[in-house]
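Coordinate inspection notes
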Amino acid sequence: MDVARKHAEWIAAWLGPGELAPFESDDIGELAALLREDHYSAGATVFRIGQVPTRVHIVRRGAIQLTRTLKGRKAVLQILQPGDVVGDISLFLRMQVPWDAVALEDSLILSIDSLSLHRLLKERPGLAWRWLHSVSSRVAGFWNRVIELLAGDLEAQVAFVLVRRAEHGVVHLSQGHLAELVGGNRSSVNRILKRFEDQGRVKVRYGQVEILDEGELTKAAGLE
């Protein structure tokens, strides 16, 4: 199996539950034929605010940070990880990109040019349905991101991020990335994580946080 098809099958798995609209072999083949690999070193710009997107990007490996400067302060809107898509909503709405997108670490991005994506979604209803599911999930994610930012004090924000972003009980974020998401300095976030760890709520490891007591974290986040 060639690399492009492997990438396409991986994307298909991330676009939403297959039972919603099972892919046919031709769907995978069509998607594979359109993919381009783009490599970004840490610190490289993927999008700049105000650009008109001509390609849709899917994070295959690494992490991409979306930011916007507000009143002289850089606000982290989101950190995209493998499986996340960027550029399609701006493309569909014919609007300029509303943020800067920068690679936080060396990243591999799979991209599709806008005209090819429009044609693909028009001709492949199964793929279009799954892409719609992906867009809806990401819009819901941005709603949750707003709640994260409004969760309360720094401890509540950290707890909320951990509860919401855990996958099978593990949050795959470094402490530095977590600090950027909540808008706090790293030392303050480290102290909060250490306190959570001492209380038996989490286990901190390199590049990730394991949730040990979701109920107590949920209370700390103010969700109960």
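As a convention, each chain's residues are numbered from 1 in the sequence order in which they are written. Only residues with pLDDT of at least 70 are given local features in this predicted model, and only at 80 or more are side-chain atom pairs given and counted; all residues enter the totals for whole chains, interfaces and linings. The side-chain numbers reported here are obtained from all heavy atoms of the structure, hydrogens and water having been left aside.

**As for the overall build of the chain**
Put simply, the rule is: A run of H or I in DSSP becomes a helix once it reaches four residues, and a run of E becomes a strand once it reaches two; helices and strands are each numbered from the N terminus. Between the two quantities, the radius of gyration covers C-alpha atoms and the globule rule is 2.2 Å times the number of residues to the power 0.38. Each residue is placed in one exposure class: buried if its accessible area under a 1.4 Å probe, protein chains only, is under 20% of its type's maximum, exposed if it is over 50%, and partly exposed if it falls in between. Any two residues having at least one pair of non-hydrogen atoms within 4.5 Å are treated as being in contact. Only the protein chains shown count as covering a residue, and every accessible area follows the Shrake-Rupley method with a 1.4 Å probe. Positive charges come from Lys and Arg alone, negative charges from Asp and Glu alone, with His and the N- and C-terminal ends not counted. We put the charge of a Lys on NZ, of an Arg on CZ, of an Asp on CG and of a Glu on CD.
Within the chain one finds nine helices and eleven strands. Relative to the 2.2 N^0.38 estimate, which gives 17 Å for 224 residues, the radius of gyration of the chain is 19 Å and therefore close to what a compact globule would have. Judged by the C-alpha coordinates and their principal axes, the chain covers about 55 × 40 × 30 Å. In the chain, which comprises 224 residues, the share counted as buried stands at 46%. The long-range fraction of contacts in the chain, counting pairs at least 24 apart against all pairs at least 6 apart in sequence, stands at 68%. Accessible area for the chain stands at about 11,700 Å²; split by element, carbon and sulfur atoms hold 53% of it. Of the side chains in the chain, 28 bear a positive and 28 a negative charge, and the two mean positions are spaced by 6 Å.

**Focus: empty space enclosed by the protein**
For clarity, the threshold we go by: Lining residues are those with an atom within 4 Å of a point, where the points come from a 1 Å grid over the protein atoms alone and group into cavities, where a 1.4 Å probe fits but cannot get out, or pockets, open sets with protein on both sides within 12 Å along at least five of seven lines. Grid points are joined across faces, edges and corners, and a volume is the space filled by probe spheres set on the points. Just so you know the grouping, Ala, Val, Leu, Ile, Met, Phe, Trp, Tyr, Cys and Pro go in nonpolar, Asp, Glu, Lys and Arg go in charged, and all remaining residues, Gly too, go in polar.
Evaluation of the coordinates by the stated rule reveals one cavity of 30 Å³ or more. Quantified by volume, the largest cavity comes out at close to 50 Å³. In this structure, the largest cavity is lined by Trp10, Ile11, Trp14, Leu15, Ile58, Gly83, Val85, Trp131 and Ser134. Put simply, the parts of the chain that give the lining of the largest cavity at least two residues each are helix H1 (3-14) and helix H5 (125-149). Here the lining of the largest cavity takes three residues from H1, the largest share from any one element. Here the lining of the largest cavity is built from residues that sort into seven nonpolar, two polar and no charged.

**Topic: the sheet that holds strand E3 (residues 55-61)**
Quick note on the threshold: We call two strands paired when DSSP finds no fewer than two bridges between them. Between N-to-C directions, angles span 0 to 180 degrees; the directions come from axes that are lines fitted to C-alpha atoms, helices contributing only their stretch in contact.
Taken together, four strands build an open sheet; the order of strands is E1-E8-E3-E6 and the sheet is antiparallel. The outermost strands of the open sheet, each flanked by one partner alone, are strand E1 (36-40) and strand E6 (85-86). Of the strand pairs in this sheet, E3 and E6 are connected by two bridges, and their pairing is antiparallel. Counted as the bridge partner of Ile58 is Val85 from E6. Lying on the sheet, H1 is in contact with E1, E3 and strand E8 (107-113); it crosses E3 at an angle near 95°. Along the sheet, helix H4 (residues 114-123) makes contact with E3 and E8, crossing E8 at roughly 70°.

**Thoughts on the environment of Ser174**
For the record, the criterion: Side-chain atoms alone can form a polar contact between residues adjacent in sequence; in general such a contact is a pair of N or O atoms within 3.5 Å, and within protein one must be able to donate a hydrogen while the other accepts it.
With respect to the element layout, Ser174 can be found in the loop between strand E9 (170-171) and helix H7 (175-182). Spatially, the C-alpha atom of Ser174 lies 5.7 Å from that of Gln208, the residues being 34 residues apart in sequence. Side-chain polar atoms of Ser174 contact the backbone nitrogen of His177, separated by 3.1 Å.

**Side note on the sheet that holds strand E11 (residues 208-211)**
A sheet is described by the order of its strands in space; here three strands give the open sequence E9-E11-E10, paired in antiparallel fashion. Two strands close off the open sheet at either side, each with one partner strand: E9 and strand E10 (202-205). Two elements, E9 and E11, share two bridges in a ladder whose sense is antiparallel. Looking at E11, one finds that Val171 is bridged to Val209.

**So, the environment of Asn190**
Inspection of the secondary structure puts Asn190 in helix H8 (residues 186-198). Residues Asn190 and Ser136, spaced 54 residues apart in sequence, show a C-alpha to C-alpha distance of 33 Å.

**What to know about the nonpolar core**
Definition in use: In plain words, nonpolar cores are sets of buried Ala, Val, Leu, Ile, Met, Phe, Trp, Tyr and Cys residues tied together by side-chain atoms within 4.5 Å.
Counting residues in each nonpolar core, the largest one holds 26 residues, and the members touching the most others are Val158, Leu162, Phe196, Val202 and Leu217. Mapped by element, the contributors of at least two residues to this core are strand E5 (73-80), helix H6 (154-165), H7, H8, E10, E11 and helix H9 (214-220). By residue number, the principal contributor to this core is H6, which donates six residues. The residues touching Val202, leaving out its near neighbours within four places in the chain, are Leu162, Leu193, Phe196, Glu197, Val209, Glu210, Ile211, Leu212 and Leu217. Residues Ala8, Ile58, Leu110 and Trp131 belong to the second largest nonpolar core, which totals 22 residues.

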